[in-house]
Amino acid sequence: MANNRTKIVSALVDLFKTNLTGESPYITNVYDNVKGKQVFWDDVTDYPSICIYSGGEAREYLPGDFKWAFLTVNIRIYVNDEDAKERIEEIFEDIELILDNNNNLIVAGNNLSCDVRILSLSDDEGVLNPLGVGEIILEVRYEV
């Protein structure tokens with residue numbers, strides 16, 4: 001049986017695959033290249049590619065046996081484009097819009113409601129052009 005961390009990553013993968021098809025209001029079509037695991041640069045064959053994987057998790061213990069979990073989720077974006085930096089920025093905007101519209105992510109089959117927040121966005125600043133890599137770090141809060 002999968003744990004909450006795995007289910008949250010799977011829900012994000014499904015959300016991105018469903019929305020990043022190039023149809024309005026989104027610009028990006030990832031052609032189903034969204035993976036729920038860390039993928040290294042040399043293993044990427046199709047562009048754009050997105051990999052989503054969980055990082056560390058912290059807990060906050062409150063009175064009444066109430067606990068919050070704060071899960072770090074990393075989203076890595078790989079592109080191969082004449083203007084890689086611009087392409088990464090477009091994908092950042094699309095992902096931010098998806099997360100704004102789904103910041104209360106419901107994990108199916110688990111009755112788990114998650115609050116999703118973007119902590120940071122970064123890219124390679126065009127150093128690898130025409131290849132490019134961007135990263136978004138999320139914080140996902142849910143009740144344990």
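Residues numbered from 1 in each chain as written. Predicted model: local features only at pLDDT ≥ 70, side-chain atom pairs only at ≥ 80, totals over all residues. Heavy atoms only, no water.

Trainee: So, helix α2 (residues 84-101): which residues are in play, and what are the values?
Mentor: Taking 1.5 Å of rise per residue, 18 residues should cover 26 Å, and α2 covers 26 Å from first to last C-alpha, within 8% of that figure. Within the span of α2, buried status applies to Ala 84, Arg 87, Ile 88, Ile 91, Phe 92, Asp 94, Ile 95, Ile 98 and Leu 99. (Helix = DSSP H or I, 4+ residues; strand = E, 2+ residues; numbered from the N terminus. Expected span 1.5 Å × (residues − 1). Buried < 20%, exposed > 50% of the residue type's maximum accessible area, 1.4 Å probe, protein only.)

Trainee: Let's hear about the pairing of strand β4 (residues 104-107): which residues, and what values?
Mentor: Burial along β4 is one-sided: the face carrying Leu 105 and Val 107 is buried and the face carrying Asn 104 and Ile 106 is not. Bridge count for β4 against strand β5 (residues 112-123) is 4 bridges, and the pairing is antiparallel. By the bridge assignment, Asn 104 is partnered in β5 with Asp 115. (Pairing = 2+ DSSP bridges.)

Trainee: Residue-level account of the state of the cysteines, with values.
Mentor: All chains considered together, the criterion is met by 0 disulfides. Between Cys 51, a free cysteine, and Cys 114, which holds the nearest cysteine sulfur, the sulfur-to-sulfur gap is 20 Å. Owing to a relative accessible area of 1%, Cys 51 belongs among the buried residues under this scheme. (Disulfide = S-S within 2.5 Å.)

Trainee: Let's hear about the packing of helix α1 (residues 4-19) against α2: which residues, and what values?
Mentor: Direction vectors running N to C along α1 and α2 enclose 115°, while the axes themselves pass 11 Å from each other. Our pair here, α1 against α2, has a crossing hand that is right-handed. The segment α1 lies against α2, with Leu 12, Leu 15, Phe 16 and Asn 19 engaging Ile 95, Ile 98 and Leu 99. Partitioned by chemical class, the residues of the contact of α1 with α2 number 6 nonpolar, 1 polar and no charged. (Axes fitted to C-alpha atoms, helices over the stretch in contact; angles between N-to-C directions. Left-handed = near helix turned anticlockwise from the far one by under 90°. Contact = heavy atoms within 4.5 Å. Nonpolar A, V, L, I, M, F, W, Y, C, P; charged D, E, K, R; others polar.)

Trainee: Can you tell me about the packing of aromatic side chains, naming the residues and giving the values?
Mentor: For any pair of aromatic rings, the description consists of the separation of the ring centres together with the inter-plane angle of the planes. The full count for this structure, using the stated rule, is 2 aromatic pairs. Taking 4.9 Å as the distance between ring centres and 65° as the angle between the ring planes, the aromatic pair formed by Trp 41 and Tyr 78 counts as edge-to-face. Of the two residues, Trp 41 is situated in the loop between β1 (34-35) and β2 (49-62) and Tyr 78 in strand β3 (residues 66-80); the sequence distance between them amounts to 37 residues. Taking 5.0 Å as the distance between ring centres and 85° as the angle between the ring planes, the aromatic pair formed by Phe 66 and Trp 68 counts as edge-to-face. Assessed through its relative accessible area of 24%, Phe 66 is described here as partly exposed. Positioned above the aromatic ring of Trp 68, the side-chain terminus of Arg 141 is 4.0 Å from the ring centre. (Phe/Tyr/Trp six-rings, centres within 6.5 Å; stacked < 30°, edge-to-face > 60°. Lys NZ or Arg CZ within 6 Å of the ring centre and 35° of its normal.)

Trainee: Lay out the nonpolar core with the relevant residues and their values.
Mentor: In this structure, Ile 8, Phe 16, Ile 50, Ile 52, Ile 75, Ile 77 and Ile 95 are the most contacted members of the largest nonpolar core, which totals 35 residues. For this core, the secondary structure elements donating two or more residues are α1, β2, β3, α2, β4, β5 and β6 (131-143). Formed by 6 residues, the second largest nonpolar core is a distinct cluster that contains Val 39, Cys 51, Tyr 53 and Tyr 78. (Core = buried A, V, L, I, M, F, W, Y, C linked by side-chain atoms within 4.5 Å.)

Trainee: Which residues make up the pattern of salt bridges, and what are the values?
Mentor: Inspection of every chain in the model, using the stated rule, returns 8 salt bridges. Its salt-bridge partner being Glu 57, residue Arg 59 comes within 2.7 Å of it at the nearest N-O pair. The partly exposed category is assigned to Arg 59, whose relative accessible area is 36%. A relative accessible area of 25% means that Glu 57 is categorised as partly exposed. The closest approach of N and O atoms between Asp 115 and Arg 117, which form a salt bridge, is 2.7 Å. Here the salt bridges share partners, and the residues they tie into one network are Lys 85, Glu 89, Asp 123 and Glu 125. (Salt bridge = Lys/Arg side-chain N within 4 Å of Asp/Glu carboxyl O.)

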